[in-house]
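# Overview (structure and organization)
So you can see what is in the structure, the chains are spelled out below.
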Amino acid sequence: MSDYAAHRALLDPVRSAMRDWDGKAVRAALHAVMAPGVQVHMCHPFGDLTGADAFFDGVMAPLQTAMPDVERRDWIVMAGPDDHGYDWIGCAGHYVGTFLRPFLDIPMTGHLAHMRFHEFYRVAGGRVVEVQAIWDIPELMMQAGAWPMAPSLGRECWIPGPASQDGLRQGAYDQAASESAKAHVLAMLAAMGRHPQEPPEAMEMPKFWHPQMNWYGPAGIGTGRGVAGFRNWHQIPFLAAMPDRGKYRDTMGYHFFGDGPYVAVTGWPNMKQTLSLGGWLGLAPTGTTLTMCSLDFWRLENGRIRENWVLLDMLDIYRQLGVDVLARMGEFNKARAAGPLPIAKDYS
């Protein structure tokens, strides 16, 4: 078995360099941990990139340009093996900074801004060989008053880290606890897959979910509290619009891994279903078969799921439906200043 405590620490140089964010230090740290030719799969509109320099120049540098004082704040760092013989590191947190210049043409606000990230790193030979990552870009658009699509059903808020304050996993890897937590999540997903072909009771949600659970969805869907919140603000409209969920499961790639009470899944893509009926995100039932990237974390407490963080590549879903969200946003914001904002770094 690999040394997963060492894997968790592998990204420490990157995370440290991104705390105070010196560009040269960030680039050097990425080169230190990434293999030559690392494959980077980023959310829309970044797409696929090859190599540490392309990742820095195409993704990280534009973020620092928009937020000169940007910093990275992780609240989950976990590691473990999937069922295919691959080793993964999973990170979740926020990029935060003063939003002084446009980012992807999102208008700057001059205020503190935050953007959630879920980032997964596949490790081989002591180096990162693959990245799968979603940044919650719609969250940043909302803070700028520039979200051009339908309002969220769930609550939009600054998503918190784990209530247990143990998301930065420490110490030796507990294989038994990790496998038990992963088995619980997989059993939950199997039960959930029985609906809508069977009544909602077939999902046995009280068996798997804590009654005070939080489901932290992506911006554009929002967050739900408890099973009722999860069902009303996400699951019911999602399944009603795409009742063939699970039909293509065997054609998708999944990477589940656990680390103590935490479980994560990544895949690029890992979902496929058809928008055949209405009611989801205000979208018309076009009959389009969509592929989706859903990068998720679960935290178990006393044998049930207490928290679930979910990010979907929302902009890519709209892209597949022929909707260019960033272009539509630009149409709304033609009359807004393009920056940069002349705000001093300090008041000394």
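Conventions used here
Residues numbered from 1 in each chain as written. Predicted model: local features only at pLDDT ≥ 70, side-chain atom pairs only at ≥ 80, totals over all residues. Heavy atoms only, no water. Helix = DSSP H or I, 4+ residues; strand = E, 2+ residues; numbered from the N terminus. Buried < 20%, exposed > 50% of the residue type's maximum accessible area, 1.4 Å probe, protein only. Lys, Arg positive; Asp, Glu negative; His and termini not counted. Salt bridge = Lys/Arg side-chain N within 4 Å of Asp/Glu carboxyl O. Polar contact = N/O pair within 3.5 Å; in protein donor to acceptor, adjacent residues only side chain to side chain. Contact = heavy atoms within 4.5 Å. Pairing = 2+ DSSP bridges. Axes fitted to C-alpha atoms, helices over the stretch in contact; angles between N-to-C directions.

The next thing to look at is the side chain of Asp244. Following the sequence through the fold, Asp244 ends up in the loop between helix H8 (226-241) and strand E9 (255-259). Lys247 provides the closest opposite charge to the buried, salt-bridge-free Asp244, at an N-O distance of 5.5 Å. Engagement of the side chain of Asp244 in a polar contact is seen with the side chain of Thr274, the distance being 2.8 Å. Among all residues touching Asp244, those that are not within four sequence positions of it are Gln273 and Thr274.

It is worth spelling out the pattern of salt bridges at this point. In this structure the tally under the stated criterion is 20 salt bridges. The closest approach of N and O atoms between Arg169 and Asp166, which form a salt bridge, is 3.7 Å. Owing to a relative accessible area of 26%, Asp166 belongs among the partly exposed residues under this scheme. Close ionic contact of Glu301 with Arg299 constitutes a salt bridge, the shortest N to O distance being 2.9 Å. In this structure Arg299 comes out as buried when scored by relative accessible area, which is 3%. Connected through salt bridges with shared partners, the residues Asp12, Arg15, Arg72, Asp74 and Glu119 form a single ionic network.

With that settled, consider the sheet that holds E9. Taken in spatial order, the six strands of this open sheet run E8-E7-E14-E13-E10-E9, and their pairing is mixed. Among the strands making up the open sheet, the edge pair consists of strand E8 (223-225) and E9. This sheet shows a mean twist of 15° between the axes of neighbouring strands, independent of strand direction. Both strand E7 (residues 209-216) and strand E14 (residues 304-312) contribute to a ladder of four bridges, which runs parallel. The partner of Trp215 across the bridge, within E14, is Asn308. Packing against the sheet, H8 makes contact with E7 and E8, and its axis sits at approximately 145° to E8.

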